[in-house]
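So the chains spell out like this:
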Amino acid sequence: MTAPLPPPQQQRIPLPLGEGSGEGSAATVTLPESGATAMSADPSPQPPPPKGGGDCPVSLAVYIHWPFCLSKCPYCDFNSHVRDSVDTAAWQAAYLNRIRATAARTGSRRATSLYFGGGTPSLMPPETAGAIVDAVAAAWSLERDAEITLEANPAAVDRERFAGFAAAGVNRVSIGVQSLDDRALRFLGRNHSAADARQALRLARRYFDRYSFDLIYALPEQTAANWRRQLRGALAEAGDHVSLYQLTVEPGTAFHALWTRGDLATPGEDAAGGLYEATQDTMDAAGLPAYEISNHARPGAESRHNLTYWRYGDYAGIGPGAHGRLTVGGMRHATRQHRAPEVWLERASRPGDPLAAEQGSTVVSDAEAVIEAVMMGLRTAEGVPLARLAALGGAPEGIGAVLDRGAIARLAAAGLLADDPDRLRATAAGRQRLNAVLAEILR
Ligand code: SF4
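Residues numbered from 1 in each chain as written. Predicted model: local features only at pLDDT ≥ 70, side-chain atom pairs only at ≥ 80, totals over all residues.

Student: Before we move on, could you go through the pairing of strand β9 (residues 315–318) and cite the residues and values that matter?
Tutor: Across the two faces of β9 the burial is the same, with Tyr-315 and Gly-317 and Ala-316 and Ile-318 all buried. Relative to β9, strand β1 (residues 58–66) runs parallel, the two being bridged by 4 bridges. Bridge assignment links Val-62 to a residue of β9, and that residue is Ala-316. (Buried ≥ 20, exposed ≤ 12 C-beta atoms within 10 Å, placed from the backbone. Helix = DSSP H or I, 4+ residues; strand = E, 2+ residues; numbered from the N terminus. Pairing = 2+ DSSP bridges.)

Put into structure tokens, the structure is as follows:
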């Protein structure tokens, strides 16, 4: 089995490790036998399956990776770098060049969302963001109500910058608050205070239609009671979307070095499970249930961009280390751009060659597409329509070759998969143990 590539979005998306109590009842999930099953009635419409034949514009999400930060946080394994200076004009020209080159490859598309991630894209000149929005609109057909999101660090925003980004077309910001407790922020090595974060949220409310913020929990010695209290306090600042990530110790980070020396202890599995359950309870009660393992929203306020990844739609990843999934000529391609900023800049600046900035572009087989769609879709509360898997599988035996029907029936009976005749869907308990569920059901 070829391991699917991760999505381009650089946000932390850890899987919870807890072993809390499950829900659900004995159930039967029946996989369709045919590769041409009609889509069932579905309250949460998915993007249309890519056709790639050029007969209708397939929708597309566009991700732009800005790889620079003011400092490196000790837990961060994203492709983010600290530089004394950045030639912003050269970077802008390179992004525009790559947008044009990618559009030459994809042909006509409907761009439904644009996401500036990083790194700290709020360090980007707002004029650069505006030039990128214009270039995306010129390269593809940017929907009138397209969701245009900018990740922002409270240490890298002010009134003028937010006004500039709003004028550039950004209509949603996602702020890396991480905590509203100064002690926790110091532990996390953040370069801002809780007061800075509250100020950034005030500005976000003023300048943008929609905003979200991230918090990190499962810090050393954090109890469920303490976390519930902090979360309820943070909810007073919330709009209609919040992302809540468990702290994970990733190889190559400063925290990993501390952890291997025994100088950093994170909550064990049981404690982490309790914290995850406290998160779900608190957010459910606040009217922002999880629509994905770490993402909570009022119904209708979900991140449309991120849903494209989780629903396994097409997305273009542009910038150092960005991944993409593009259907071209009826084939789905996995793309990955050069990771080192200076290498990417040099290659992305070359005119003409659509693949110049790419480190790899491989065709995704039908079986790999089913695996990827399951890995992404089971992160969400809505799961994956079985008809979608059948369409991706390409042949009647497509799904059965990669999914273990017996394991699916066992996990449904155990309450980890839902009793849903139309969808493969994890229950809340199943999402809490998603790595284990995937290991069981993927052949
Ligand atoms: S600001 Fe964000 S991207 Fe930059 S180092 Fe910190 S966690 Fe990583």
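That covers the picture; the talk isn't over yet.
Student: So what's going on with the nonpolar core? Residues and values would help.
Tutor: Generally speaking, soluble globular proteins have nonpolar side chains that are buried together. Ranked by size, the top nonpolar core spans 122 residues in total, and within it Val-136 and Val-370 carry the most contacts. Sequence-distant contacts of Val-136, defined by excluding residues within four places in its chain, comprise Val-62, Ile-99, Ala-111, Leu-114 and Leu-142. (Core = buried A, V, L, I, M, F, W, Y, C linked by C-beta atoms within 7 Å. Contact = placed C-beta atoms within 7 Å.)

Student: Before we move on, could you go through the site of the ligand and cite the residues and values that matter?
Tutor: In the vicinity of the ligand, the contacting residues are Cys-69, Lys-72, Cys-73, Cys-76, Phe-78, Ser-80, Gly-118, Gly-119, Thr-120, Asn-153 and Gly-176. A class-by-class count of the residues in the shell around the ligand yields 4 nonpolar, 6 polar and 1 charged. (Near = placed C-beta within 6 Å. Nonpolar A, V, L, I, M, F, W, Y, C, P; charged D, E, K, R; others polar.)

Student: Pulling in residues and values, what's your account of the packing of helix α14 (residues 405–413) against helix α16 (residues 434–441)?
Tutor: The N-to-C vectors of α14 and α16 enclose an angle of 145°; their axes lie 8 Å apart at closest approach. Contacts from Ala-407, Ile-408 and Leu-411 of α14 reach α16 at Val-437, Glu-440 and Ile-441. Classifying every residue of the contact of α14 with α16 gives 5 nonpolar, no polar and 1 charged. (Axes fitted to C-alpha atoms, helices over the stretch in contact; angles between N-to-C directions.)

Student: Mind laying out the pairing of strand β10 (residues 323–328), listing which residues take part and the relevant values?
Tutor: With 5 of its 6 residues buried, β10 lies for the most part within the structure. Direction of pairing for β10 relative to strand β11 (residues 331–337): antiparallel, over a ladder of 6 bridges. Within the sheet, the bridge partner assigned to Arg-325 lies in β11 and is Ala-334. Counting the residues in the hairpin turn of β10 and β11 gives 2 residues, including Gly-329, whose phi is positive at 60°.

Student: Could you give me a rundown of the environment of Asp-420, with the residues and numbers involved?
Tutor: Within the secondary structure, Asp-420 sits in the loop between α14 and β14 (423–424). By the C-beta count within 10 Å, which is 18 here, Asp-420 ends up partly exposed. Measuring from C-alpha to C-alpha, the distance between Asp-420 and Pro-385 comes to 9.6 Å, with 35 residues separating the pair along the chain.

Student: Got a sec to walk through the confidence of the model for the protein? Specific residues and values, please.
Tutor: Looking at the protein, the pLDDT average stands at 88 and 86% of residues meet or exceed 70. Below a pLDDT of 50 lies the segment residues 1–56, which in the model reaches 146 contacts outside its immediate sequence neighbourhood of four places, other chains included. (pLDDT = per-residue confidence, 0-100.)

Student: I'd like a description of the environment of Ala-265, backed by residues and values.
Tutor: As for its position among the elements, Ala-265 is in the loop between α7 (254–260) and α8 (269–285). Looking at Ala-265, the number of C-beta atoms within 10 Å reads 11, which means it is exposed. Between the C-alpha atom of Ala-265 and that of Leu-219, which follows or precedes it by 46 residues, the distance is 8.6 Å.

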